[in-house]
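Understanding the architecture of this molecule
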Amino acid sequence: MTRYKLAVLLVLAALPLQAKPRTARPGADALILKALAGPATGYAAVERVQVFLPGKKPKALKVNVTALPSGRVRREVLPLRKKAASLVEVRDPERPEAGLARLRSVYAISVSTGGVVAKRKTWKLELRLKSGVLRRAWWVDRDSGLLMKRETYRDDGTLRRRERIVKLELPAPAPASFKLAPVAGPWSPEGFAFAGGGGGTRRFTNGLESYEVAEAGGKLVVTGDLAEDDAARVLEAHGK
Amino acid sequence: MNEDDDARLAKAAMKSLHVPAPESLVADLKRLARKPAPSLWERLRVYAEGDSAWAYGAGAAFAAAGVGVILLRAAPERPAAPGVAERPALRIEAAPPQALADLWSDDDGGDNDEI
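In short, a report on the structure. This structure is a prediction, so every number in the text was calculated from the model and none was measured. (Residues numbered from 1 in each chain as written. Chains lettered and ligands numbered in written order. Predicted model: local features only at pLDDT ≥ 70, side-chain atom pairs only at ≥ 80, totals over all residues. Heavy atoms only, no water.)

The subject of this paragraph is the interface of chain A and chain B. Between chain A and chain B, the contact holds 57 residues from the first and 33 residues from the second. For the pairing of chain A and chain B, the buried interface totals around 4,100 Å² over both sides, and the portion due to carbon and sulfur atoms is 53%. For the pair chain A and chain B, the interface holds seven salt bridges. In this structure, Lys 149 of chain A and Asp 111 of chain B form a salt bridge, with 2.6 Å as the shortest nitrogen-oxygen distance. At the boundary of chain A with chain B, the tally comes to 20 residue pairs in polar contact (both at pLDDT 80 or more). Of the residues assigned to the side of chain A that touches chain B, the class counts are 32 nonpolar, eight polar and 17 charged. Relative to strand 2 (residues 105-106) of chain B, strand 2 (residues 59-67) of chain A runs antiparallel, the two being bridged by two bridges. Looking across to strand 2 of chain B, one finds that Ala 60 of chain A is bridged to Ser 105 of chain B. (Contact = heavy atoms within 4.5 Å. Buried area = accessible area lost by both parts, 1.4 Å probe. Salt bridge = Lys/Arg side-chain N within 4 Å of Asp/Glu carboxyl O. Polar contact = N/O pair within 3.5 Å; in protein donor to acceptor, adjacent residues only side chain to side chain. Nonpolar A, V, L, I, M, F, W, Y, C, P; charged D, E, K, R; others polar. Pairing = 2+ DSSP bridges. Helix = DSSP H or I, 4+ residues; strand = E, 2+ residues; numbered from the N terminus.)

A few words on the environment of Gln 50 of chain A. Summarising the element assignment, Gln 50 of chain A is placed in strand 1 (residues 43-51). Each C-alpha atom of the pair Gln 50 of chain A and Lys 62 of chain A lies 8.9 Å from the other, and the pair is 12 residues apart in sequence. Residue contacts for Gln 50 of chain A: discarding those within four places in its chain leaves Lys 59, Ala 60, Arg 160, Arg 161 and Arg 162 of chain A together with Asp 107, Gly 109 and Gly 110 of chain B. Engagement of the side chain of Gln 50 of chain A in a polar contact is seen with the backbone oxygen of Gly 110 of chain B, the distance being 2.8 Å.

Residues and elements named next belong to chain A. In the structure shown here, the tally under the stated rule is 33 salt bridges over all chains. Residues Asp 29 and Arg 104 are paired through a salt bridge, measuring 2.6 Å at the closest nitrogen-oxygen approach. Taken together, the positions of Asp 29 in helix 2 (residues 28-37) and Arg 104 in helix 3 (residues 96-106) put the pair 75 residues apart, joining distant regions of the chain. Classification of Asp 29 by relative accessible area gives partly exposed; the value is 32%. (Buried < 20%, exposed > 50% of the residue type's maximum accessible area, 1.4 Å probe, protein only.)

Before going further, it helps to examine the sheet that holds strand 13 (residues 219-224) of chain A. Residues and elements named next belong to chain A. Read from one edge to the other, the open sheet built from four strands follows the order 10-11-12-13, with strand pairing classed as antiparallel. With partners counted over all chains shown, the strands left at the sheet margins are strand 10 (193-198) and strand 13, one partner each. Across this sheet, the average inter-strand angle for adjacent strands is 20°, counted without regard to direction. As paired elements, strand 11 (residues 201-205) and strand 12 (residues 210-216) share five bridges and run antiparallel to each other. Looking across to strand 12, one finds that Thr 205 is bridged to Ser 210. (Axes fitted to C-alpha atoms, helices over the stretch in contact; angles between N-to-C directions.)

Within the largest apolar cluster, 28 residues are counted, with the highest numbers of intra-cluster contacts made by Tyr 43, Leu 61, Val 77 and Leu 87 of chain A together with Leu 100 and Leu 103 of chain B. Within the residue set of this core, elements represented by two or more residues are strand 1, strand 2, strand 3 (73-77), strand 7 (134-141), strand 8 (147-153) and strand 9 (159-169) of chain A. Not counting the four nearest positions on each side in its chain, Tyr 43 of chain A is found in contact with Val 65, Thr 66, Ala 67, Val 73, Leu 146, Leu 168, Glu 169, Leu 170 and Ala 172 of chain A. Counting 18 residues, the second largest nonpolar core, distinct from the first, contains Leu 103, Val 111, Trp 123 and Leu 125 of chain A. (Core = buried A, V, L, I, M, F, W, Y, C linked by side-chain atoms within 4.5 Å.)

For the rest of this paragraph, the subject is the packing of aromatic side chains. Residue and element names in this part refer to chain A. For the structure on display, the rule yields three aromatic pairs over all chains. Their ring planes at 65° and their centres at 5.6 Å tell us that Phe 194 and Phe 204 sit as a pair that is edge-to-face. Here Phe 204 lies in strand 11 and Phe 194 lies in strand 10, a separation of 10 residues in the sequence. Residue class for Phe 194 comes out partly exposed when judged on its relative accessible area of 38%. Plain terms: the ring middles of Phe 204 and Tyr 211 are 5.1 Å apart, the flat faces sit at 10° to each other, and that makes the pair stacked. With a relative accessible area of 6%, Phe 204 lands in the buried category. Site record: aromatic cluster; members linked through ring pairs are Phe 192, Phe 194, Phe 204 and Tyr 211. (Phe/Tyr/Trp six-rings, centres within 6.5 Å; stacked < 30°, edge-to-face > 60°.)

See the structure below:
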């Protein structure tokens, strides 16, 4: 081996030492706790919610999201008509440990590299039913823990719903509090409102999807367009 | 002297003052009258090529419009200021189902950031 070849080999061998060390992949539980706790600072974001109904055109709406460092979030859905009133909901986060326990009771969870969403590097969480069916995927901001993107899938693997932050200001200046406070009452997924009921059945809708809470044989049952963890949380809330 | 005499004298004075136009001038005027009027495009081309004030004004207006379009497109669309609702706000929890249904619009199904 000539001296020249030896020098080239040494240089090639030294290259990996110069490379930036990869961020260690976090554990699934730690990442979920971080995602459920949310960022420690206030932020402002624009979120796009898309619903994919089978055999129909996708539907979407835009939400202005602002959050306080405490985790309280204000979501304002802007109507299509300019003069119409916007719809607002204010929510406090759930205790992260309670959310993790529910998710763990329903899903097997794995972590992988998530790519970039709204210019933020993410980790991807895959939440699979015990049967192996992929039900949810979450993209979590590596730095702040903010949930940047969420997708929900049907049993056949087709996409049912996507919630994605399309614009983000983090950290963002936040007021001491919002004008509105969270509404007391049983929890429902974001964007859903009580739509009526009767005969022991209560129906909730977001204008496109819906679910029902009914009493059958002395037990509460949830049916409709909800993922298993959301259905479990609705049951918990109505059972209280 | 009566009025008729005055008019006659004035007419005679005018006749004596009348000088026929030069032949060259008459010919030029006739040539110009016979020449067809330039078309609209021809007039526009002359305006555009020339150093007229019109050309400078049109150029300045075009440039201003271009700058205006660029500035409008580049203006960042900020999310609503935290805690401040610019328009009347209604609680989602109290919204009628039809108001919720009216929020949704057709979408391309894309998975992109907002530009």
